[in-house]
Amino acid sequence: MYRDPVSASPSPAAAPAAQRPLRVGMIGIGTVGGGTFRVLARNQAEIAARAGRAIEVTMVAARDLERAAGIVGAGVQLTRDPLQLATHPDIDVVVEVAGGTGPALDWALAAIAHGKHLVTANKALLALHGDAIFEAARQHGVAVAYEGAVAVSIPIVKALREGLTANRIAWVAGIVNGTTNFILSRMRDDGLDFGTALAQAQALGYAEADPSFDIDGTDAAHKMALLAANAFGTPVPFDAVQVEGIRTLQVLDMACAAQLGHRIKLLGIARRQPDGLELRVQPALVPDTQLLAHVDGSMNGIVVCGDASGVTMYYGAGAGSEPTASAVIADLVDVARLAGTQAAQRVPHRGFHAHAMRALPVLPRAAVSSARYLRVPLHRASDAEPLGRWLAAQGLVPRKAALAQLPEGTGAQWLVLTGPATQAHVDGLLDQLQRHPAVAGAVTALHVEPLDA
Ligand code: HSE
């Protein structure tokens, strides 16, 4: 007799023998720590069903114990001493969400040396000391998980380390700092000045304790270094990232970029080249035909180009309390699922097994080639044409050029999109252009990233 395969299947799998809860010690109970505690409590049944065991915060280290008690309530042990927590025998996993790179390194290494897994959202710590931390973790057979360190809510570390492992990655391009993306969006859409937009980002809890890390591109560089390590199997190359921030960007250039069909974003690029890696964070024009150009506000977007997958794109909240908590808890669930596994069977910390990693050289700034946007203030609009011929004669051929359509009184501004040229070539040429008799003021030059597959 025919039996329906569904009704014929055995009864649902029996639940495994209950494992004891994963005991979490949390260093820091601020924006991210508070969000993590809140989401763990709110979704505890669902999280336990996924993890196969309960995940319980049993200890918190904080400077202000009264404030911490107000957040976590009774039943959670409190200490002012993160090292005591990191080495405590009743803790299985340490969640470090306090930030900073000095004491945080000591806490991380102490936790690892005491056989504890480490979950951290601290991108600065991992960008500067990740290789040492991962090596220590390898030696002690524990896991270090850091999904919350890069583009918070977006599971990009998981995508690179697990979903895209078939691919030779060609490039990764990302808007990976929520604060600067929020500032650029408010400036462009609402005409806010830089300072007001930054104050709003700080009030919303997006900005770093020292917002210069956001504005000057350092935070994005931390994240791009971690992405590059996972994409290319190279040790975390933070020191080699070429970084420019958004302090000097002018609203005028946002309007001019729009006239040329582009939007200005603080963009991180990690690209494999024949001689090494291109690795930089810079304000850049992105064609508004690209989805990435439409990642606005505090949202983040990352595009990965693999040889087999082609282009894949990831989008989500790039900053904030619960979006970061989402990633931190996903890491805790991964740790809860590790019980009984050997370290060698786990997903490697940087996507590639340690013995197979190779330090790739990062191309010097002068050797990086890309297309450029130029805004050239002119004495007379009629100077544009001869200047275009002059530029072409210098080897920087205008692919598109127009006079800016701006309110009266702004003066003639000649806008150019060039073909690709190395930074060394452009630096030399800008020097000459700036001294050209037709030029009436400071020339602005920005990278243009077409993001073609
Ligand atoms: N300050 C960071 C940002 C927080 O704005 O993206 C999330 O890493």
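Residues numbered from 1 in each chain as written. Predicted model: local features only at pLDDT ≥ 70, side-chain atom pairs only at ≥ 80, totals over all residues. Heavy atoms only, no water.

Here we look at the nonpolar core
Generally speaking, nonpolar side chains in soluble globular proteins are found buried as a group.
Here is step 1: With 79 residues, the main nonpolar core has Ile133, Ile156, Val172, Leu227, Val304 and Tyr373 as its most contacted residues.
Here is step 2: Ranked by the residues each element gives to this core, the list is headed by helix H12 (residues 218-232), at ten residues.
Here is step 3: What Ile133 contacts, discounting residues up to four positions off in sequence, is Leu105, Ala108, Leu109, Ile112, Leu118, Leu125, Leu126 and Val144.
Here is step 4: Within the second largest apolar cluster, 30 residues are counted, among which are Ala51, Val57, Ala145 and Val335. (Core = buried A, V, L, I, M, F, W, Y, C linked by side-chain atoms within 4.5 Å. Buried < 20%, exposed > 50% of the residue type's maximum accessible area, 1.4 Å probe, protein only. Helix = DSSP H or I, 4+ residues; strand = E, 2+ residues; numbered from the N terminus. Contact = heavy atoms within 4.5 Å.)

Side note on the confidence of the model for the protein
Here is step 1: The predicted model of the protein averages 94 in pLDDT, with 96% of residues at 70 or higher.
Here is step 2: Residue range residues 1-10 is modelled with pLDDT below 50. Its contacts to residues more than four positions away, or to other chains, number one contact. (pLDDT = per-residue confidence, 0-100.)

Things to note about the packing of aromatic side chains
Here is step 1: Counted according to the given criterion, the structure contains two aromatic pairs.
Here is step 2: Between the aromatic rings of Phe134 and Tyr146, the centroid separation amounts to 5.4 Å while the plane-to-plane angle is 40°, which identifies the pairing as tilted. With Phe134 in helix H7 (residues 123-140) and Tyr146 in the loop between strand S6 (144-145) and helix H8 (156-163), the pair connects residues that are twelve residues apart, well separated along the chain. Here Phe134 and Tyr146 have matching classes, each one buried.
Here is step 3: Judged by centre distance (5.6 Å) and plane angle (70°), the ring pair of Phe182 and Tyr206 falls under edge-to-face. Of this pair, Phe182 sits in helix H9 (residues 178-190) while Tyr206 sits in the loop between helix H10 (194-203) and helix H11 (212-215), placing them 24 residues apart in sequence. (Phe/Tyr/Trp six-rings, centres within 6.5 Å; stacked < 30°, edge-to-face > 60°.)

Things to note about a nonpolar patch on the surface
Here is step 1: Taken together, the side chains of Leu291, Met313 and Tyr315 make up a nonpolar region of the molecular surface, amounting to roughly 320 Å² of accessible area.
Here is step 2: Along the polypeptide, Tyr315 turns up in strand S12 (residues 310-317). (Patch = residues over 30% accessible without salt bridge, like charges linked within 9 Å, V, L, I, M, F, W, Y side chains within 5 Å. Areas by Shrake-Rupley, 256 points an atom, 1.4 Å probe, with all protein chains shown as cover. Salt bridge = Lys/Arg side-chain N within 4 Å of Asp/Glu carboxyl O.)

Focus on the sheet that holds strand S3 (residues 77-79)
Here is step 1: The six strands lie next to each other as S3-S2-S1-S4-S5-S6, forming an open sheet whose pairing is parallel. Unpaired on one side and paired on the other, S3 and S6 mark the two borders of the sheet.
Here is step 2: By the bridge criterion, six bridges tie strand S1 (residues 22-27) to strand S2 (residues 55-61) in an arrangement that is parallel. Residue pairing for S2: Arg23 is matched across the bridge by Glu56. (Pairing = 2+ DSSP bridges.)

Overview of helix H4 (residues 65-72)
Here is step 1: Looking at where H4 begins, the residue whose side-chain oxygen comes 3.2 Å from the main-chain nitrogen of Glu66 is Asp64.
Here is step 2: Gly73 occupies a position one or two residues after H4 and carries a positive phi of about 70°. (Polar contact = N/O pair within 3.5 Å; in protein donor to acceptor, adjacent residues only side chain to side chain.)

Structural notes on the pairing of strand S4 (residues 93-96)
Looking along a regular strand, one sees side chains alternate from face to face of the sheet.
Here is step 1: Covered by surrounding structure in S4 are Val93 and Val95 together with Val94 and Glu96, the residues of both alternating faces.
Here is step 2: Pairing of S1 with S4 involves four bridges; the strand directions are parallel. For Met26, the partnering residue across the bridge sits in S4 and is Val95.
Here is step 3: Examined bridge by bridge, S4 and strand S5 (residues 117-120) share four bridges and lie parallel to one another. Directly across from Glu96, in S5, lies its bridge partner Thr120.
Here is step 4: One crossover worth recording links S4 to the parallel S5 by way of helix H6 (residues 103-113), and it is right-handed. (Right-handed = clockwise from strand over helix to strand, strands pointing away.)

Examining the packing of H7 against H12
Here is step 1: Here H7 crosses H12 at 55°, and the two axes come no closer than 9 Å. The pairing of H7 with H12 is recorded here as oblique in orientation. Regarding H7 and H12, the two cross each other, and that crossing is left-handed. Taken together, the residues of H12 that come into contact with H7 (itself represented by Lys123, Ala124, Leu126, Ala127 and Leu128) are Asp219, His222, Lys223 and Leu226. (Axes fitted to C-alpha atoms, helices over the stretch in contact; angles between N-to-C directions. Parallel < 35°, antiparallel > 145°, perpendicular 65-115°, else oblique. Left-handed = near helix turned anticlockwise from the far one by under 90°.)

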